[in-house]
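# Examining the three-dimensional arrangement
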Amino acid sequence: NAGVMQNPRHLVRRRGQEARLRCSPMKGHSHVYWYRQLPEEGLKFMVYLQKENIIDESGMPKERFSAEFPKEGPSILRIQQVVRGDSAAYFCASSPLIEQGASGYTFGSGTRLTVV
Amino acid sequence: SQQGEEDPQALSIQEGENATMNCSYKTSINNLQWYRQNSGRGLVHLILIRSNEREKHSGRLRVTLDTSKKSSSLLITASRAADTASYFCATAFYNQGGKLIFGQGTELSVKP
């Protein structure tokens, strides 16, 4: 079991470009959560997805950010027209269907996005 | 805001000493979890305590939960240099779909 896989580990984008962050949950996990961590801060919830469904996107900025978790393949966090303020570490976590929220989550190693 | 607060923000101790970190939160919770983050790395789950539990142990870790005060503490006994990391508490709320609300973290430095 390879755990939660995120790629790329580091991503550099120029202002105005698009950033695509990928997350493959642990085998057997059908719930994916995305969090953002700014320097020297804790993690902030962004979005919670199940396969083909967005369950809770209350933490997502209203514009430029979108997320999906297709039936096949990884979950994608997409940031359009990136700005310097988007520079952060983006973490993905997954959990199994049962006991959602009732057990510790497995986090990926994160993608560190730098906007220049 | 539901977000918890942790104190201290930073803690520096000598190897072998105990380290205590505190976390407070604002609303009713389902459970409270502690995570460790080494510099530049992802989060590692340490321990979970449910709202109907008061104390839990795991190796050198001891977690307490006081729901009346909406607070929790993490005690690391006999600390080691390898315990140097940031420690975060995270709360899971009823009817919140399992999402976690994280505190700002405590940066622990254990000097050899």
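Read on for an overview of the structure. Not measured: the values here are computed from a predicted model.

## Here's the deal with the interface of chain B and chain A
- Facing 24 residues of chain B, the contacting portion of chain A comprises 24 residues.
- Between chain B and chain A we count 1 salt bridge in total.
- Counting across the interface, chain B meets chain A through 6 residue pairs in polar contact (both at pLDDT 80 or more).
- Of all the secondary-structure elements, those providing two or more residues to the side of chain B that touches chain A are β4 (31-37), β5 (43-50), β9 (85-92) and β10 (100-102) of chain B.
- Each residue belonging to the side of chain B that touches chain A can be placed in one class, and the counts come to 7 nonpolar, 13 polar and 4 charged.

## With respect to the state of the cysteines
All names here are of chain A.
- If you walk through the whole model with that rule in mind, you get 2 disulfides over all chains.
- Residue C23 pairs covalently with C92 via a disulfide, S to S 1.8 Å. The sign of the -50° torsion about the S-S bond sets the C23-C92 disulfide as left-handed. On the criterion of sequence distance, the pair formed by C23 in strand β3 (residues 19-24) and C92 in strand β9 (residues 88-95) is long-range, its members being 69 residues apart.
- Residue C23 is classed as buried on the basis of its relative accessible area, which comes to 0%.

## Structural notes on the sheet that holds strand β7 (residues 61-66) of chain B
Residue and element names in this part refer to chain B.
- Ordered in space as β1-β3-β8-β7-β6, the 5 strands form an open sheet in which the pairing is antiparallel. The sheet terminates laterally at β1 (5-7) and β6 (55-58), the two strands that pair on one side only. The sheet shows a mean angle of 15° between the axes of neighbouring strands, taken without regard to direction.

## As for the packing of aromatic side chains
- Within this structure, the stated rule accounts for 8 aromatic pairs over all chains.
- Taking the centre distance of 4.9 Å and the plane angle of 65° together, the rings of Y33 of chain A and Y105 of chain A count as edge-to-face. On the criterion of sequence distance, the pair formed by Y33 of chain A in strand β4 (residues 31-37) and Y105 of chain A in the loop between β9 and β10 (106-107) is long-range, its members being 72 residues apart. Residue Y33 of chain A shares its accessibility class with Y105 of chain A, and that shared class is buried.
- Taking the centre distance of 6.1 Å and the plane angle of 75° together, the rings of F107 of chain A and F102 of chain B count as edge-to-face.

## With respect to the sheet that holds strand β1 (residues 5-7) of chain A
Residue and element names in this part refer to chain A.
- Here 4 strands make up an open sheet; going across it, the order is β1-β3-β8-β7 and the pairing antiparallel. If you trace the sheet from one side to the other, it starts and ends with β1 and β7 (65-68), each paired once. Shown here is a sheet whose adjacent strand axes are inclined to one another by a mean of 15°, direction ignored.
- Strand direction decides the pairing type here: β7 and strand β8 (residues 75-79), joined by 4 bridges, are antiparallel.

## Quick look at the environment of E52 of chain A
All names here are of chain A.
- Turning to its location among the elements, E52 is positioned in the loop between β5 (43-50) and β6 (53-56).
- A residue is classified by how much of its surface remains accessible, and E52, at 56% relative accessible area, is exposed.
- Residues E52 and K71 lie 19 residues apart in sequence; the distance between their C-alpha atoms is 5.8 Å.
- Every residue in contact with E52, bar those within four places of it in the chain, is listed here: F69, P70 and K71.

## Some details on the pairing of β8 of chain A
Residues and elements named next belong to chain A.
- Taken across its 5 residues, β8 has 4 buried, putting it largely inside the fold.
- Note that β3 and β8 share 5 bridges and pair antiparallel. Note that in β8 the partner of A19 across the bridge is I79.
- In textbook terms, the turn of a hairpin is the stretch between consecutive antiparallel strands, and for β7 and β8 this stretch comprises 6 residues, one of which, G73, has a positive phi near 100°.

## Concerning the side chain of S73 of chain B
All names here are of chain B.
- Within the secondary structure, S73 is located in strand β8 (residues 71-76).
- Of the residues examined, S73 reaches a relative accessible area of 15% and is grouped as buried.
- Within the structure, the side chain of S73 is placed 2.6 Å from the side chain of T64, a separation counted as a polar contact.
- Other than its neighbours up to four places away in sequence, S73 contacts T20, M21, N22, W34, R62, V63 and T64.

## Structural notes on the environment of V83 of chain A
Residues and elements named next belong to chain A.
- For V83, the position within the fold is in the loop between β8 and β9.
- Given the relative accessible area of 37%, V83 is considered partly exposed.
- For the pair V83 and T114, spaced 31 residues apart in sequence, the C-alpha separation works out to 9.5 Å.
- Apart from the residues within four sequence positions on either side, V83 is in contact with R15, R64 and V115.

Thresholds applied
- Here the residue numbers are simple positions, counted from 1 along each chain's written sequence.
- In the order they appear in the text, chains get letters beginning with A and ligands get numbers beginning with 1.
- Owing to the predicted nature of the model, reporting of local features is limited to residues with pLDDT of at least 70; listing and counting of side-chain atom pairs is limited to 80 or more, with chain, interface and lining totals taken over all residues.
- Only heavy atoms go into the side-chain values, all of them from the structure, while hydrogens and water stay out.
- For this analysis, residues touch if any pair of their heavy atoms sits within 4.5 Å.
- A carboxyl oxygen of Asp or Glu within 4 Å of a side-chain nitrogen of Lys or Arg is what we treat as a salt bridge.
- Each polar contact in these results corresponds to two N or O atoms within 3.5 Å; when the atoms are within protein, one needs to be able to donate a hydrogen and the other to accept it, and residues that are neighboring in sequence are counted only if both atoms are side-chain atoms.
- For the purposes of this entry, the term helix denotes a DSSP run of H or I that reaches at least four residues, the term strand denotes a run of E that reaches at least two, and both are numbered from the N terminus.
- Here the term charged refers only to Asp, Glu, Lys and Arg, the term nonpolar to Ala, Val, Leu, Ile, Met, Phe, Trp, Tyr, Cys and Pro, and the term polar to all other amino acids, Gly among them.
- By definition, disulfides here are pairs of cysteine sulfur atoms that lie within 2.5 Å.
- Burial here depends on accessible area, computed with a 1.4 Å probe over protein chains only, as a share of the maximum for the residue type. Under 20% is buried, over 50% is exposed, and the range in between is partly exposed.
- Criterion used throughout: strands pair if DSSP finds at least two bridges between them.
- Convention adopted: a line fitted to C-alpha atoms gives each axis, helices being fitted over their contacting stretch, and angles between N-to-C directions are expressed from 0 to 180 degrees.
- Put simply, two rings from Phe, Tyr or Trp (the six-membered ring, in Trp's case) pair if the centres are within 6.5 Å, and we call them stacked under 30 degrees between planes, edge-to-face over 60, tilted for the rest.

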